[in-house]
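# Descriptive analysis of the structure
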Amino acid sequence: MNAYERTLQADLVDLPEPQQLEILQVLSQQNIAAQNVITWLRERKLWFEGQQGYRGPVQAPYEGTESTELKDAIDYLWATLFGDQKVDVIRTTEPQWAMEVNGVLEIVLNLTELPEDEEEQLRVSLYEYGGLPRSVTAR
């Protein structure tokens, strides 16, 4: 499917072209199973549960920051994956939720303090679970 067809399918034609492109970059071909995100976080040692609570580069700043934005994003991620409100799938096929997921992903990647190319590898490895957006590597 080309970008125009994808734009029509996602009902983005009324948006300005830059916004269309931004959304198309984060829409996956299928939703991502929440369990795959949990596995992705654990296997990459980004966020995992240890014997004394959560660990990793996602958790460490949470405990040492006053940033409400950062705490809210991590709390939202926790609620989505582990809390009473946890979900079965991460809706990366719907424009609004794909953008939300991308925002949380950006926060997680920024916490890693990895070089940009390694951050991009992490991004791609997550989107592989849902079928890569056509332009995910163009970011």
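Nothing here was measured: the structure is a model prediction, and the numbers come from that model. (Residues numbered from 1 in each chain as written. Predicted model: local features only at pLDDT ≥ 70, side-chain atom pairs only at ≥ 80, totals over all residues. Heavy atoms only, no water.)

### A look at the overall build of the protein chain
Counting secondary structure elements, the protein chain contains seven helices and four strands. Ordered by position in the sequence, the α and β elements of the protein chain form the string α-α-β-α-β-β-α-α-β-α-α. Counting across all 139 residues of the protein chain, residues that qualify as buried make up 40%. Taking the intrachain contacts of the protein chain between residues at least 6 apart in sequence as the baseline, contacts between residues at least 24 apart amount to 59%. Accessible surface, the protein chain: about 8500 Å² in total, of which carbon and sulfur atoms supply 47%. (Helix = DSSP H or I, 4+ residues; strand = E, 2+ residues; numbered from the N terminus. Buried < 20%, exposed > 50% of the residue type's maximum accessible area, 1.4 Å probe, protein only. Contact = heavy atoms within 4.5 Å. Areas by Shrake-Rupley, 256 points an atom, 1.4 Å probe, with all protein chains shown as cover.)

### A closer look at the side chain of Thr 92
Turning to its location among the elements, Thr 92 is positioned in the loop between strand S4 (89-90) and helix H6 (95-112). Looking at Thr 92, its side chain comes within polar contact range of the side chain of Ser 28, at 2.4 Å. At 3.4 Å, the side chain of Thr 92 and the backbone oxygen of Gln 30 are in polar contact. Beyond its immediate chain neighbours, meaning those up to four positions away, Thr 92 contacts Val 26, Leu 27, Ser 28, Gln 30, Asn 31, Ile 32, Ala 98 and Val 101. (Polar contact = N/O pair within 3.5 Å; in protein donor to acceptor, adjacent residues only side chain to side chain.)

### A few points about unusual backbone geometry
Unusually for a residue other than glycine, Lys 45 sits at a positive phi of about 55°. Within the fold, Lys 45 resides in the loop between helix H3 (34-43) and strand S2 (48-50). Lys 45 sits in the exposed class, given a relative accessible area of 60%. Its identity as a non-glycine residue notwithstanding, Glu 113 has a phi of 55°, on the positive side.

### Some points on the nonpolar core
When a protein is soluble and globular, its nonpolar side chains tend to lie buried together. Counting 31 residues, the largest nonpolar core has Leu 41 and Leu 81 as the members making the most contacts within it. Mapped by element, the contributors of at least two residues to this core are helix H2 (17-24), H3, helix H5 (68-81), H6 and helix H7 (116-127). The greatest single-element share of this core, amounting to seven residues, is contributed by H6. If we skip the residues at most four places from it in the chain, Leu 41 touches Leu 46, Trp 47, Leu 77, Leu 81 and Val 108. (Core = buried A, V, L, I, M, F, W, Y, C linked by side-chain atoms within 4.5 Å.)

### Describing the packing of aromatic side chains
For the structure on display, the rule yields three aromatic pairs. Judged by centre distance (5.5 Å) and plane angle (40°), the ring pair of Trp 47 and Tyr 54 falls under tilted. The same class applies to Trp 47 and to Tyr 54, which are both buried. Ring pairs connect the aromatic residues Trp 47, Tyr 54 and Phe 82, which therefore count as one cluster. (Phe/Tyr/Trp six-rings, centres within 6.5 Å; stacked < 30°, edge-to-face > 60°.)

### Here's the deal with the layout of surface pockets
By volume, the largest pocket is sized at about 400 Å³. In this structure, the largest pocket is lined by 22 residues; those nearest its centre are Tyr 76, Leu 77, Thr 80, Ile 90 and Val 101. Put simply, the parts of the chain that give the lining of the largest pocket at least two residues each are H3, H5, S4 and H6. Among the elements that make up the lining of the largest pocket, the one with the highest residue count is H6 (six residues). When grouped by side-chain class, the residues that make up the lining of the largest pocket number 17 nonpolar, three polar and two charged. (1 Å grid on protein atoms, 1.4 Å probe; cavity = no way out; pocket = protein on both sides within 12 Å on 5 of 7 lines; lining within 4 Å. Points joined across faces, edges and corners; volume = space filled by probe spheres on them. Nonpolar A, V, L, I, M, F, W, Y, C, P; charged D, E, K, R; others polar.)

### Quick word on the environment of Trp 40
Along the polypeptide, Trp 40 turns up in helix H3. Residue Trp 40 is classed as buried on the basis of its relative accessible area of 2%. Not counting the four nearest positions on each side in its chain, Trp 40 is found in contact with Leu 46, Leu 105, Leu 122, Ser 125, Leu 126 and Tyr 129. At a separation of 3.5 Å, a polar atom in the side chain of Trp 40 contacts the main-chain carbonyl oxygen of Leu 122.

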